[in-house]
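# Summary of structural features
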Amino acid sequence: MHDLTLINRIRDINIISLYIWGSGQTDKGDNWITTNLQPDSIVTFTLLSGKCNILAFDELGNSYGIAGNLQKNVPDTISIDLEYITFGRPNVDYGHNLLNLTNSLHGFALDILILSSARLDEDIIIDGFRVFPGNSIIIWLDKGIYSVKAVDQIGRTYGIDSITVPDDSCMVSLVNSMIINPVPPVGITGNGSGSLFIENCLPSAVMTDLQIIPQNGSGGIYLENIALQPGAHMVANLNPGYYSVLATDEFGAEYYVSIEQQDTGSLRLPITDEYLQYDFSFPGNSQEQ
């Protein structure tokens, strides 16, 4: 047994709840403080040795996390400050049990989460965070079965019918196939045996031009003024082979990717900032010296 002292070093902001629990557990337990921890205030607890997780919430809804902190049989002091704020993986507190929801969409952030359950008097609405692609949000919930709806930054809605909390993994990924009422493609081009689904995953730019060029030198597909809006997609029917795809947005930025079209089935190609071709050239001097 030993003492752990925690100090609130967040300027002008109170810590309103604090949780400490053993590493490997998915239940964070109850709030360890009964009154707000004001800036520069301290609180001391007696803990067993071993690894533990520490999670604090401030009055603005920000969370501060320390995962796997090793507690030895000597007194220890930790200052909770902006070093520990969980920007990339925020926490929201509605119960004891962990649910890790990951945004696995291409290009689009999540702006609103709505959780429903028969055990709730009203839905849980989380709209204070933007969860970018590849990032997660940790939602702490009471035990039960929940459904989730998520709204991305261009207004599309995704749904997960049933999530049991807690479960073995406590991790759920939101993917493109979960979209509710998907819209049909805006157009179809080409006459090959395989289908390439090209989606504009640039949240703030319209795709205007598209080139799909076979790498074997045969004729390609050249489309101009297609006005493919963010979230919209089109289909190119292609024969098997390797292709270079070049897309241009309304601002003149170009996106390039090489793909292999199989002989059967379909392939989805999300056009994202990952494929942006950076122009490192410098403007020329038009005035003669």
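For the structure itself, consult the block above.
Residues numbered from 1 in each chain as written. Predicted model: local features only at pLDDT ≥ 70, side-chain atom pairs only at ≥ 80, totals over all residues. Heavy atoms only, no water.

### Topic: the overall build of the protein
Put simply, the rule is: Secondary structure elements are defined from DSSP: runs of H or I of at least 4 residues count as helices, runs of E of at least 2 residues count as strands, and each element is numbered from the N terminus. Within these notes, the globule rule equals 2.2 Å times the number of residues to the 0.38 power, and the radius of gyration is based on C-alpha atoms. The rule is simple: take the accessible area with a 1.4 Å probe, protein chains only, and divide by the maximum for that residue type; under 20% is buried, over 50% is exposed, in between is partly exposed. Contacts between residues were defined by any pair of non-hydrogen atoms, one from each residue, lying within 4.5 Å. Surface accessibility follows the Shrake-Rupley procedure with a 1.4 Å probe radius. Residue values consider only the protein chains on display as shielding. In summary, the charge assignment counts Lys and Arg as positive and Asp and Glu as negative, without counting His or the chain termini. Charge coordinates come from a single atom per side chain, which is NZ of Lys, CZ of Arg, CG of Asp or CD of Glu.
Across its full length, the protein holds zero helices and 22 strands. Relative to the compact-globule value of 19 Å for 289 residues, the protein shows a C-alpha radius of gyration of 25 Å, a clear excess of over 25%. When the backbone C-alpha atoms are referred to their principal axes, the protein occupies close to 75 × 65 × 35 Å. Burial statistics for the protein: of 289 residues in total, 42% are counted as buried. Excluding contacts between residues fewer than 6 apart, the proportion of contacts in the protein whose partners are at least 24 apart in sequence is 64%. Total accessible area on the protein is roughly 15,800 Å²; 49% of this is exposed by carbon and sulfur atoms. Positive and negative side-chain charges in the protein, numbering 12 and 33 respectively, have mean positions lying 10 Å apart.

### Description of unusual backbone geometry
Of all residues except glycine, most have a negative phi; of all peptide bonds, most are trans. In this structure, the amide linkage connecting Val165 to the following residue, Pro166, adopts the cis form with an omega of -5°. One can find Pro166 in the loop between strand E13 (157-165) and strand E14 (171-174). Here Asn225, not a glycine, exhibits a phi torsion of approximately 55°, which is positive. Looking at where Asn225 falls in the secondary structure, it is placed in the loop between strand E18 (221-223) and strand E19 (233-238).

### So, the environment of Leu228
When you line up the elements, Leu228 lands in the loop between E18 and E19. In this structure the C-alpha to C-alpha distance between Leu228 and Ser266, which are 38 residues apart in sequence, comes to 20 Å. Apart from residues no more than four positions distant in its own chain, Leu228 is found in contact with Val186, Ile198, Asn200, Val206, Met207, His233 and Met234.

### Digging into the sheet that holds strand E2 (residues 15-22)
To keep things clear, this is the line we draw: By the convention used here, strands pair only if DSSP detects at least 2 bridges between them. Angular values range over 0 to 180 degrees, each being the angle between N-to-C directions of two axes fitted as lines to C-alpha atoms, with helices fitted over their stretch in contact.
Taken in spatial order, the three strands of this open sheet run E2-E4-E5, and their pairing is antiparallel. Two strands close off the open sheet at either side, each with one partner strand: E2 and strand E5 (63-71). Neighbour-to-neighbour, the strand axes of this sheet turn through a mean angle of 15°, independent of strand direction. The pairing of strand E4 (residues 50-58) with E5 spans seven bridges and is classified as antiparallel. Each residue of the ladder has a partner; that of Gly50, found in E5, is Gln71.

### Some remarks on the pattern of salt bridges
Using the following cut-off: Take a side-chain nitrogen of Lys or Arg and a carboxyl oxygen of Asp or Glu: if they are within 4 Å of each other, that pair is a salt bridge.
Per the counting criterion, the structure on display carries six salt bridges. The closest approach of N and O atoms between Lys28 and Asp93, which form a salt bridge, is 2.9 Å. One end of the pair, Lys28, is in the loop between E2 and strand E3 (42-47); the other, Asp93, is in strand E7 (residues 91-94), with 65 residues separating them in the sequence. A salt bridge links Arg130 to Asp111; the shortest N-O distance between them is 2.7 Å. Of the two residues, Arg130 is situated in the loop between strand E10 (124-126) and strand E11 (136-141) and Asp111 in strand E9 (residues 110-116); the sequence distance between them amounts to 19 residues.

### Description of the side chain of Asp249
What counts is decided by this rule: Think of a polar contact as two N or O atoms within 3.5 Å of one another; within protein, one of them needs to be a possible hydrogen donor and the other a possible acceptor, and neighboring residues in sequence only count if both atoms come from side chains.
By the element assignment, Asp249 lies in strand E20 (residues 241-249). Looking at Asp249, its side chain comes within polar contact range of the main-chain nitrogen of Phe251, at 2.8 Å. Aside from chain neighbours lying at most four places away, what touches Asp249 is Leu202, Ala205, Val206, Met207, Thr208 and Tyr255.

### Section: the nonpolar core
Going by this rule: Take the buried residues of types Ala, Val, Leu, Ile, Met, Phe, Trp, Tyr and Cys, join any two whose side-chain atoms come within 4.5 Å, and each joined set is a nonpolar core.
The biggest cluster of nonpolar side chains holds 23 residues, and the ones touching the most others in it are Leu113, Leu115, Ile126, Ile139 and Leu141. When residues of this core are traced back to their parent elements, those giving at least two are strand E8 (97-103), E9, E10, E11, strand E12 (144-152), E13 and E14. Apart from the residues lying within four places of it in its own chain, the contact partners of Leu115 are Leu120, Asp123, Ile124, Ile126, Ile139, Leu141, Ser147 and Val148. Judged by nonpolar contacts, the second largest core, of 22 residues, contains Ala205, Met207, Leu228 and Tyr243.

### Observations concerning the sheet that holds strand E1 (residues 2-8)
As summarised here, the arrangement of the three strands in space is E3-E1-E6, forming an open sheet in which the pairing is mixed. Since the sheet does not close on itself, it has two edges, and those belong to E3 and strand E6 (76-80), each with one partner. Direction aside, the axes of adjacent strands within the sheet are offset by 25° on average. Inspection of the sheet shows E1 paired to E3 by six bridges, in the antiparallel sense. Within E3, the position partnered with Leu4 by the bridge is Phe45.

So far we have only geometry, and geometry alone does not tell us how the molecule works.
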